[in-house]
Amino acid sequence: MVVLNSVTISQRNKIIFKNVNFKINSGEFVFLIGKTGSGKSSLIKTLCGDLIIEQGDGNVVGFNLKKLKSKEIHLLRRKIGVVFQDFKLLQDMTVYENLNFVLRATGWKNKLKIKNRIQKVLDLVSIDIPSEKYPFELSGGEQQRIAIARALLNQPELIIADEPTGNLDPETSQTIMHLLKKLHETGITILMATHDYNMIMKFPGKIFKCEEEGIFEVVPKRN
């Protein structure tokens, strides 16, 4: 699903990762940890096609990152769903309009198919709110469920969740984690960047740590 071989990544002339090897197999749930500034966001940007690989080789959901052309980035992103800490919902659009906007931007045209797909992803995230509501009328947990629904619209092979519980209270965070685990059980591969070590202990998965220009697998000590 994700393979980086001897990869070097820089941003603003600063080396973020050097000679890194990193692999996520299809169907895995992987946590990405590390201090602020350790490179978690840079790795996510690279996997989404926003940062180029300077050296080495990379492959994500079948796309060669080293040979990826700018006109192909939107094709890559159709196969990746991204969930952000701050939701990134368009506040001047209703819930339905937010989801409709993404589908139309990725080539959907049939109104009935769009309507059915939107209802399908809302059902998948177990949310039952009027689709004419605006994001600012929803709780943080509801907004994050909508953000996850948005990530699911094009049936991605990989979901990248960047601190998805960072702005949520502990109880709501647990609910969102249970949702991500449920989606993982359907066969979706998930990479989740987080600072929440309690979640890592409660919801087992592979753990990789960004540190000193590298990415290393961590085996936690569990009670």
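Here the structure is a predicted model, which is why all the values come from computation and not from measurement. (Residues numbered from 1 in each chain as written. Predicted model: local features only at pLDDT ≥ 70, side-chain atom pairs only at ≥ 80, totals over all residues. Heavy atoms only, no water.)

The strands that make up a sheet pair up through hydrogen bonds in the backbone, lying either parallel or antiparallel. Across the sheet, six strands lie side by side as β6-β7-β8-β3-β9-β10; this open sheet has mixed pairing. Two strands bound the open sheet, and with one partner strand each, they are β6 (80-84) and β10 (214-218). For this sheet, the mean angle separating the axes of adjacent strands, direction not counted, is 20°. With respect to the sheet, helix α1 (residues 40-47) is in contact with β3 (29-33), β6, β7 (158-162), β8 (189-193), β9 (206-211) and β10, its orientation differing from that of β7 by roughly 150°. (Pairing = 2+ DSSP bridges. Helix = DSSP H or I, 4+ residues; strand = E, 2+ residues; numbered from the N terminus. Axes fitted to C-alpha atoms, helices over the stretch in contact; angles between N-to-C directions. Contact = heavy atoms within 4.5 Å.)

What follows concerns the pattern of salt bridges. The tally for this structure, following the rule as stated, stands at five salt bridges. Close ionic contact of E28 with K206 constitutes a salt bridge, the shortest N to O distance being 3.1 Å. With a gap of 178 residues between them, E28 in the loop between β2 (14-24) and β3 and K206 in strand β9 connect regions that are remote in the sequence. You can call E28 buried: its relative accessible area is 16%. The partner of R77 in a salt bridge is D50, with the nearest N and O atoms 2.2 Å apart. Taken together, the residues span a long stretch of sequence, with R77 in helix α2 (residues 73-78) and D50 in the loop between α1 and β4 (55-60) at a distance of 27 residues. (Salt bridge = Lys/Arg side-chain N within 4 Å of Asp/Glu carboxyl O. Buried < 20%, exposed > 50% of the residue type's maximum accessible area, 1.4 Å probe, protein only.)

Bringing the side chain of S10 into the picture now. With respect to the helices, strands and loops of the structure, S10 is situated in strand β1 (residues 2-11). Owing to a relative accessible area of 14%, S10 belongs among the buried residues under this scheme. At 3.3 Å, the side chain of S10 and the side chain of E54 are in polar contact. Setting aside residues up to four positions removed in sequence, S10 forms contacts with I15, I16, L51 and E54. (Polar contact = N/O pair within 3.5 Å; in protein donor to acceptor, adjacent residues only side chain to side chain.)

With that settled, consider the state of the cysteines. A covalent bond between the sulfur atoms of two cysteines is what we call a disulfide. One pass over the full model with this rule turns up zero disulfides. C210 carries a free sulfur, and the closest cysteine sulfur to it, the one in C48, is 14 Å from it. Take C210: its relative accessible area is 2%, and that puts it in the buried class. (Disulfide = S-S within 2.5 Å.)

Here the focus is the packing of helix α3 (residues 95-105) against helix α4 (residues 111-124). Packing of α3 against α4 leaves a shortest axis separation of 10 Å and a crossing angle of 120°. Relative to α4, α3 is oriented oblique. The interaxial crossing formed by α3 with α4 has right-handed handedness. Residues Y96, L99, N100, L103 and R104 of α3 form the contact with α4, whose own contacting residues are K111, I114, K115, R117, I118, V121 and L122. Class assignment for the residues of the contact of α3 with α4 results in seven nonpolar, one polar and four charged. (Parallel < 35°, antiparallel > 145°, perpendicular 65-115°, else oblique. Left-handed = near helix turned anticlockwise from the far one by under 90°. Nonpolar A, V, L, I, M, F, W, Y, C, P; charged D, E, K, R; others polar.)

What follows concerns unusual backbone geometry. Across the chain, the bulk of peptide bonds are trans and the bulk of non-glycine residues have phi less than zero. Even without glycine at this site, S6 takes up a positive phi of about 50°. Inspection of the secondary structure puts S6 in strand β1. With phi around 65°, N13 is a residue other than glycine that occupies positive phi space. Secondary-structure assignment places N13 in the loop between β1 and β2.

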